[in-house]
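# Chains, contacts and geometry: an overview
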Amino acid sequence: MENKILVTRSSMPPYEEYIEEIKDMWDSHWITNMGVKHIEFQEALKKYLMVENIDLLTNGHMALELSMQALNLQGEVITTPFTFASTTHAIVRNGLKPVFCDIDPTDFTIDVSKIEKLITDRTCAIAPVHVYGNICNIEEIDRLARKYDLKVIYDAAHTFGVQYKGKGIGEFGDVSCFSFHATKVFNSIEGGAVCFRDVHFGEKIYDLKNFGIHDAESVQAVGANAKMNEFCAAMGICNLRHVDEEIAKRKIVVERYKSYLEGINGLQLSPVQDDVKSNYAYFPVVFDEKVFGASRNEVFAALAEHGIGARKYFYPLTNSFECFHGEYDINETPVALKISKRVLTLPLYADISLEDVDKICDIVLKCRKQ
Ligand code: T4K
């Protein structure tokens, strides 16, 4: 592990800062179930993410799963297979049917021109994913949702702190689900949040994350246990103090990568999106083997030989998972299929040295067969 450069590395606050933050708990003995840290973290996040309503959960996955339950969805949900297992699993675990839409070849989010023909009388919602920090076409999704009376649940796991047209990204759709997992731009060790429009939805989520318990003598829903504990909330409070600095450092790393890889024939990088304040979450590179002179898998192997752990996010597509027993046809999402076979996310975190970035780019470029 020691000399390896991995795809990411968790941001940690100064040790003393965290110890100071958790000290009170040795007096109070209150370590979970919506304690003071939970409340403080939630308020701080509400401000930082610029959202009206927010609730904390144990992770991003439970944010998605319980949101779909709270919305009382039934039938089909239009989504994409170019995502982490979580998005699709949240749909299936709610007894809903995922209907896979293809992705846009430039920003890897749902291709809005292909949504309408997937809508049937069984469609109840759209679950689009903001991928790598790139945001979906929010206006068009909003228009379709209104036209067909559909709910919109954004998977915003990759878009912590992203703003669109000066608004927090969590303000769009009916619900946006964030992840604060250790591998994300911002972490609370494990953690997640839902940002939502409807206060009634908020009341439901609050109950659902606590077994559906409404009060001491009334259990109104079949809920789960998805409460964020006080140690995670304390980590979140500390990391939030440093997140702007971390994002600024990520930007420098991304610019360094671009200085080597932008404009190279056969390499496609993530776009800079209009009106978007980015969080520099991931650095994906799509390799066109014929033009570049090396395949994604060859580059992956060359990096691995040097102890560099790039990752194939997102490969395989979720609609090809064994657990679905061939229920879905991957050829119905050809762009997603093509990108998933060609994409590699290169190491990106605030403290990666620019020398390491240079080394990674050098290895990538040397893979080309002359
Ligand atoms: N929706 C989307 C679009 C998502 O990407 C995710 C999660 C979710 C929903 C669900 O949110 P959560 O329920 O997780 O909050 C990782 C993460 O576990 C997962 O959170 C994340 N997406 C996904 C993209 O990546 P793995 O299996 O690739 O993680 P792992 O353990 O291989 O870690 C990757 C690298 O991170 C390691 O090589 C080193 C570094 N690392 C990892 C850990 C666990 C650290 O530096 N510290 C750590 O503690 O899934």
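First, a word on scope: everything that follows refers to the structure included in this document.

Let us now look at the environment of G223. With respect to the helices and strands, G223 occurs in the loop between β12 (218-219) and α8 (230-261). The class for G223 is partly exposed, based on a relative accessible area of 25%. Sequence separation between G223 and T58 is 165 residues; the distance between their C-alpha atoms is 14 Å. Apart from residues no more than four positions distant in its own chain, G223 is found in contact with L208, F211 and G212.

With that settled, the discussion passes to the packing of α8 against helix α12 (residues 354-366). At a closest axis distance of 10 Å, the pairing of α8 and α12 adopts a crossing angle of 30°. Between α8 and α12, the interaxial angle falls into the category roughly parallel. Considering only the axes of α8 and α12, their crossing is right-handed. Residues I252, V253, R256, Y257, Y260 and L261 of α8 lie in contact with α12, whose contacting residues are L354, V357, D358, I360, C361, V364 and L365. Classifying every residue of the contact of α8 with α12 gives 11 nonpolar, no polar and 2 charged.

On to the nonpolar core. One finds F41, L45, F82, I115, I141 and F180 to be the most contacted residues of the largest nonpolar core, which totals 61 residues. Listing elements by their share of this core, those giving two or more residues are α3 (36-49), β2 (54-57), α6 (138-148), β6 (151-155), β10 (192-196), α8 and α11 (334-342). The dominant element in this core, judged by the number of residues it contributes, is α8, at 6 residues. Formed jointly, this core draws a minimum of three residues from each of two domains, domain 1 (15-238) and domain 2 (242-366).

Before going further, it helps to examine the site of the ligand. In the vicinity of the ligand, 25 residues are found, and the nearest of them are D155, S179, K184, R311 and Y313. Here Y313 contributes a side-chain N or O atom positioned 2.5 Å from an oxygen atom of the ligand. Here the ligand loses 74% of its free accessible area of 920 Å² to cover by the protein chains. Counting only elements with at least two residues in the shell around the ligand, the list comes to α4 (60-70) and α5 (85-93). Summarising the domain contributions, the shell around the ligand has at least three residues from each of domain 1 (15-238) and domain 2 (242-366).

The rules behind each value
Residues numbered from 1 in each chain as written. Predicted model: local features only at pLDDT ≥ 70, side-chain atom pairs only at ≥ 80, totals over all residues. Heavy atoms only, no water. Helix = DSSP H or I, 4+ residues; strand = E, 2+ residues; numbered from the N terminus. Buried < 20%, exposed > 50% of the residue type's maximum accessible area, 1.4 Å probe, protein only. Contact = heavy atoms within 4.5 Å. Axes fitted to C-alpha atoms, helices over the stretch in contact; angles between N-to-C directions. Parallel < 35°, antiparallel > 145°, perpendicular 65-115°, else oblique. Left-handed = near helix turned anticlockwise from the far one by under 90°. Nonpolar A, V, L, I, M, F, W, Y, C, P; charged D, E, K, R; others polar. Core = buried A, V, L, I, M, F, W, Y, C linked by side-chain atoms within 4.5 Å. Domains from an automatic or database assignment. Near = heavy atom within 4 Å. Polar contact = N/O pair within 3.5 Å; in protein donor to acceptor, adjacent residues only side chain to side chain. Areas by Shrake-Rupley, 256 points an atom, 1.4 Å probe, with all protein chains shown as cover.

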